[in-house]
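# Coordinate inspection notes
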Amino acid sequence: MESKYNYFKRDISWLSFNYRVLLEALDERLPLYERINFISIYSSNLEEFYKIRVADHKAVASGATESDEETVQSARELVEEINKEVTRQLDDRVRIYEQKILPALRKNHIIFYQDNHVEPFHQQFIKDFFREEIFPYLQPVPVSKDKIVSFLRDNRLYLAIRVYPKKEEKNKGEEPKENIEKYTGECINERNDGEGIKVGMEAARPNVTDLRQPLYFVMKQPYAKVPRFIELPSREKNHYLMFTEDIIKANLNLIFPGYDVDSSYCIKISRDADILIDDTASSADLVAQLKKKVKKRKIGDVCRFVYDRAMPSEFLDFLVDAFRIQRDELVPGDKHLNLEDLRHLPNPNKSLHSLEKPKPMKLTVLDEKESIFNYVAKKDLLLYYPYHSFEHFIHFLYEAVHNPETREIMVTQYRVAENSAVINTLIAAAQNGKKVTVFVELKARFDEENNLATAEMMQAAGIKIIYSIPGLKVHAKVALIRRRGLNGEKIPSYAYISTGNFNEKTATLYADCGLFTCRKEIVADLYNLFRTLQGKEDPKFTTLLVARFNLISELNRLIDREISLADEGKQGRIILKMNALQDPTMIDRLYEASEHGVQIDLIVRGICCLIPGQSYSRNIRVTRIVDSFLEHARIWYFGNDGTPKVFMGSPDWMRRNLYRRIEAITPILAPDLRDSLIEMLNIQLADNQKACWVDDKLQNIFKKRTPGTPAVRAQYTFYDWLNKTNN
């Protein structure tokens, strides 16, 4: 039955979020290089979006795959809508970069060359640098519509070049051929040059009947050998930077003697990075599939061809034909592509200060002398990352390794850091004679290889590895320390439930929560969950909410309770903090609650398909916060007539999380910890520095500070609150 409600399109909503990331580059209150970093984040996000989401839609649009959610026609229309919105956003990115960032750099005595104009005192340096540091790694490859089958690697920056043979005296018609052969080297011979570009001898020969016919080349930028950004000699108080590709462009005449270089433009291709595997395969087959298919990620189908928007139409038409690009794959870009590299932009002006981000604090109650086991045996403990140090969790595992009463350590692994202290501690536990069981989710996108390598390393150390469940992803972030007294008596075991991964790197970048508890009901539920992951039983959960078991029924009960309160004239109140809200069924429940008068605040960082400002959503407000740290925690508050129920855990309200994954959510039962989570939610709702309303047109409307009220920047305000209560 067709719903009476409406929803935002998932991917258009995501583009609204990514645009909000870009808007941080406009905030002049931020240090300049922090603003530049947000352009990098925006660009990196967009690259992954095309590799996964747009690639999926294109596969449906072409008829290569089928979908229950969209038709061939609707997929085509959506790709067109996405490209239109991305083009609009990229126009803004160009303006922000050129009209805000570059002048700000210049104001701070950093001259970042962007065009053909280079000061005379740098011209010889650029020529010398090109000859000595860049030229040996360049290999121009001729391009022809008919005789060259070309393959451009994923997300690599190429220079597309058009040249014309010089007008020579009679009888010198063969010179262009010699020059091309000299400077393209063995590329002229038919071969595969390691980049997958196969070239034929005939393609390099100029048209002898008309030596002024253009010739086209592509040349991969040698960033494995040369940095993307080059620092030039300073002059007086000014510092100078230049893109490597601009140095190459300035010296193209040295690569093509005997030719007039007409023009050159940057291009890149994004390829489908999704891995299609048989989700019903056994663990052994799944491992074999991943090892084979992850290597093919870089040769997936084209989903985006990005080009310098200044490229003339006939130049673009030639490339489209030569590389067999579809018109709906074209996305006009800037003069300089791959701006995600801006995160590596050198800062030669040491007087430019970086952002003073909150430093992870250690709890005074958990100093080096205090046992976390002893503390948690007496009361629950809630940590907030990155405000609290992740070292507390490492210390928790370390205690488990050396505690003689530890019987077994059980952990889920979704994304872990390279050279992970967590993994090293688990290996130490196995080597110390402890039983260690780790569930490894191999299907964590872009972390498949790392997870597989880590799993094999743990297995070699004697750790029991359980691989992905057929047909499911395990997204729960949980750990269990099972203990038994030395004489067999029962003693407390320990459970840990988190909103974030066991990853010490992201624990300094993502805002997450983690609960330590010895409560018997939670420990028992968590043990049942691990048994489920091992395929041993169909469990019953009494306290934890677990997706695909009791989560949806409990959420419906909690929402029904708030609706009943509102119908009775009491206050119905819901606050939901998450990364994404997309499931139509649960959105309908929120619309329904709003129609009954329940007051609902949503703090949703990314995708939000719920449309505010409609008659059926008049009591719903959507807040989005983008700041120094990535908001990643999932926290749910239900007013419950003055006795609030608060939950935290791993799932967003996406269809995949609620119905196709194993997720774990815990109630916060300790009143003081529940109150601290409520305080965090209230601070985020009061944010008037980095918070936006999301309106009914998916616009990010910045919340304005009311005169006379204090400035609230949620992440920093909450850090200060935690610091004051750290006793």
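Nothing here was measured: the structure is a model prediction, and the numbers come from that model.

Evaluated as defined, the whole model comprises 46 salt bridges. Close ionic contact of aspartate 317 with arginine 327 constitutes a salt bridge, the shortest N to O distance being 2.7 Å. Here aspartate 317 is found in helix 10 (residues 313–322), whereas its partner arginine 327 is found in the loop between helix 10 and strand 9 (330–333), with ten residues between them in sequence. The partner of arginine 634 in a salt bridge is aspartate 652, and the shortest N-O contact between them spans 3.2 Å. Taken together, the residues span a long stretch of sequence, with arginine 634 in strand 23 (residues 634–638) and aspartate 652 in the loop between strand 24 (645–649) and helix 18 (655–659) at a distance of 18 residues. Taking the relative accessible area as the measure of exposure, arginine 634 reaches 3% and is therefore buried. The buried category is assigned to aspartate 652, whose relative accessible area is 5%. One connected set of salt bridges, linked through shared partners, spans Arg20, Glu24, Asp27, Arg29 and Lys690.

Take empty space enclosed by the protein next. Under the definition given, this model contains three cavities of 30 Å³ or more. Roughly 110 Å³ of internal volume is contained in the largest cavity. Elements that contribute at least two residues to the lining of the largest cavity include exactly helix 2 (32–61), helix 3 (72–107) and strand 8 (302–308). Considering each element in turn, the lining of the largest cavity owes the most residues, three residues, to helix 2. Partitioning the lining of the largest cavity into residue classes produces six nonpolar, two polar and five charged.

Each regular strand carries side chains that alternate between the two faces of the sheet. Along strand 10 (residues 381–385), five of the five residues are buried, which leaves the element largely enclosed by surrounding structure. Residues Leu381, Leu383 and Tyr385 point to one face of strand 10 and Leu382 and Tyr384 to the other, with burial holding for every one of them.

Pairing in this open sheet of three strands is mixed, and the strands run 1-6-5 from one edge to the other. Either end of the sheet is taken by a strand with one partner, and the two such strands are strand 1 (110–113) and strand 5 (229–235). Each neighbouring strand pair of the sheet contributes to a mean axis angle of 25 degrees, computed without reference to strand direction. Note that strand 1 and strand 6 (residues 238–243) share four bridges and pair parallel. Note on strand 6: the bridge partner recorded for isoleucine 110 is histidine 239.

For helix 1 (residues 10–23), built from 14 residues, the straight-helix expectation of 20 Å at 1.5 Å per residue is met to within 8% by its first-to-last C-alpha distance of 20 Å. Most of helix 1 sits out of view: 13 of its 14 residues are buried.

This brings us to the confidence of the model for the protein chain. Per-residue confidence for the protein chain gives a mean pLDDT of 88; residues scoring 70 or more make up 88%. Low confidence marks residues 171–210, where pLDDT is under 50. Its contacts with residues over four positions away, or in another chain, come to 80 contacts.

Counting buried positions along strand 16 (residues 494–498) gives five out of five residues, so the element sits mostly inside the fold. The pairing of strand 15 (residues 477–483) with strand 16 spans five bridges and is antiparallel. Each residue of the ladder has a partner; that of isoleucine 481, found in strand 16, is tyrosine 494. Summarising the sheet, strand 16 and strand 17 (residues 510–517) pair through four bridges and their orientation is antiparallel. In the strand pairing of strand 17, isoleucine 497 is matched with leucine 515.

Once that is clear, we can look at the sheet that holds strand 9. Within the open sheet, the six strands sit side by side as 2-4-3-7-8-9. Their pairing is mixed. Every other strand in the sheet has two partners, leaving strand 2 (141–143) and strand 9 as the edge strands with one partner each. Each strand axis lies, on average, 35 degrees off the axis of its neighbour in the sheet, ignoring direction. Two elements, strand 7 (residues 259–271) and strand 8, share five bridges in a ladder whose sense is antiparallel. By the bridge assignment for strand 8, arginine 271 is matched with valine 302.

A separate point is the packing of aromatic side chains. Counting across every chain of the model gives 38 aromatic pairs. Between phenylalanine 49 and tyrosine 50, the aromatic rings sit 6.0 Å apart at their centres with planes inclined by 90 degrees, giving edge-to-face as the arrangement. For phenylalanine 49, a relative accessible area of 4% gives the class buried. Under the relative-accessibility criterion, tyrosine 50 is labelled buried at 0%. Geometrically, the ring pair formed by phenylalanine 229 and phenylalanine 243 is tilted, given 5.3 Å between the ring centres and 55 degrees between the ring planes. Placement of phenylalanine 229 in strand 5 and of phenylalanine 243 in strand 6 is noted, with a sequence separation of 14 residues between them. One exposure class covers both phenylalanine 229 and phenylalanine 243, and it is buried. Sitting above the plane of the tyrosine 19 ring, arginine 88 keeps its charged end 4.8 Å from the centroid.

What counts as what
- Residues numbered from 1 in each chain as written.
- Predicted model: local features only at pLDDT ≥ 70, side-chain atom pairs only at ≥ 80, totals over all residues.
- Heavy atoms only, no water.
- Salt bridge = Lys/Arg side-chain N within 4 Å of Asp/Glu carboxyl O.
- Helix = DSSP H or I, 4+ residues; strand = E, 2+ residues; numbered from the N terminus.
- Buried < 20%, exposed > 50% of the residue type's maximum accessible area, 1.4 Å probe, protein only.
- 1 Å grid on protein atoms, 1.4 Å probe; cavity = no way out; pocket = protein on both sides within 12 Å on 5 of 7 lines; lining within 4 Å.
- Points joined across faces, edges and corners; volume = space filled by probe spheres on them.
- Nonpolar A, V, L, I, M, F, W, Y, C, P; charged D, E, K, R; others polar.
- Pairing = 2+ DSSP bridges.
- Axes fitted to C-alpha atoms, helices over the stretch in contact; angles between N-to-C directions.
- Expected span 1.5 Å × (residues − 1).
- pLDDT = per-residue confidence, 0-100.
- Contact = heavy atoms within 4.5 Å.
- Phe/Tyr/Trp six-rings, centres within 6.5 Å; stacked < 30°, edge-to-face > 60°.
- Lys NZ or Arg CZ within 6 Å of the ring centre and 35° of its normal.

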